[in-house]
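Structural description and commentary
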Amino acid sequence: MIKIIQLGCSGTLNYGDELSHINVRKIIRKLLPNTYITQFGHKTFILDDFHNDADNYEIFSKIETCKKLIQECDFWILGPGTVMPFDDKPLFIEFSKLNKNIIIWGVGCGGTI
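In this report, we go over the structure that sits alongside the text. Being a predicted model, the structure only gives us computed values, none of them experimental.

What counts and what doesn't
Residues numbered from 1 in each chain as written. Predicted model: local features only at pLDDT ≥ 70, side-chain atom pairs only at ≥ 80, totals over all residues. Heavy atoms only, no water. Pairing = 2+ DSSP bridges. Helix = DSSP H or I, 4+ residues; strand = E, 2+ residues; numbered from the N terminus. Axes fitted to C-alpha atoms, helices over the stretch in contact; angles between N-to-C directions. Contact = heavy atoms within 4.5 Å. Salt bridge = Lys/Arg side-chain N within 4 Å of Asp/Glu carboxyl O. Buried < 20%, exposed > 50% of the residue type's maximum accessible area, 1.4 Å probe, protein only. Phe/Tyr/Trp six-rings, centres within 6.5 Å; stacked < 30°, edge-to-face > 60°.

Quick notes on the sheet that holds strand β3 (residues 56–59)
Taken in spatial order, the 5 strands make up an open sheet running β3-β2-β1-β4-β6, and their pairing is parallel. With one partner strand each, in any of the chains shown, β3 and β6 (102–104) form the two edges of the open sheet. Across the sheet, the mean angle from the axis of one strand to that of its neighbour is 20°, orientation sign disregarded. Along the sheet face, helix α1 (residues 15–31) touches β1 (2–7), β2 (35–41) and β4 (75–78) and points at about 165° away from the line of β2. Strands in contact with helix α4 (residues 91–98) are β1, β2, β4 and β6; relative to β4, the strand with the most contacts, it is inclined by about 165°.

Written out as structure tokens, the structure is:
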């Protein structure tokens, strides 16, 4: 079984981003049927409504649980539908130190360089 984490701007009621995540999971399951996908997001009630096709979901506020899941997964997907900031130390940089198997899919760039 392939363990995948998917994260981005999900669990925020941004319908375009929520639907993009759903569609990416559909593509993944078609290409790699033997997967276990965990969706990271912001609000539990939104993840429960929009991302119930994921095998599991976790909210970003449970940071230690998220870090553990990132370390244990085979790879993780940043996106679609988020912006990669360069200021401060964003969470995705911290995650990338834990697991370098990253797919960046449909992500914009923003912030200060």
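On we go from here.
Observations concerning the pattern of salt bridges
A complete count under the given rule lists 6 salt bridges for this structure. A salt bridge links K62 to E58, with the nearest nitrogen and oxygen atoms 3.8 Å apart. We classify K62 as partly exposed; its relative accessible area is 45%. Ionic pairing is found between E94 and K67, a salt bridge with its closest N-O pair at 2.6 Å. Here E94, found in helix α4, pairs with K67, found in helix α3 (residues 63–72); they are 27 residues apart in sequence, far enough to count as distant. Residue class for E94 comes out partly exposed when judged on its relative accessible area of 32%.

Structural notes on the packing of aromatic side chains
Applying the stated criterion across every chain yields a total of 4 aromatic pairs. Where F40 meets F60, the ring centres are 6.0 Å apart and the plane angle is 85°; that geometry is what we call edge-to-face. Linking F40 in strand β2 with F60 in the loop between β3 and α3, this pair joins segments that are 20 residues apart in sequence. Here F40 falls in the buried class, since its relative accessible area comes to 0%. Measuring from ring centre to ring centre gives 6.0 Å for W76 and F95, while their planes differ by 90°; the resulting arrangement is edge-to-face. Placement of W76 in strand β4 and of F95 in helix α4 is noted, with a sequence separation of 19 residues between them. By relative accessible area, W76 is classed as buried at 0%. For F95, a relative accessible area of 0% puts it in the buried group. Put simply, the rings of F40, F60, W76 and F95 pair up and form one aromatic cluster.

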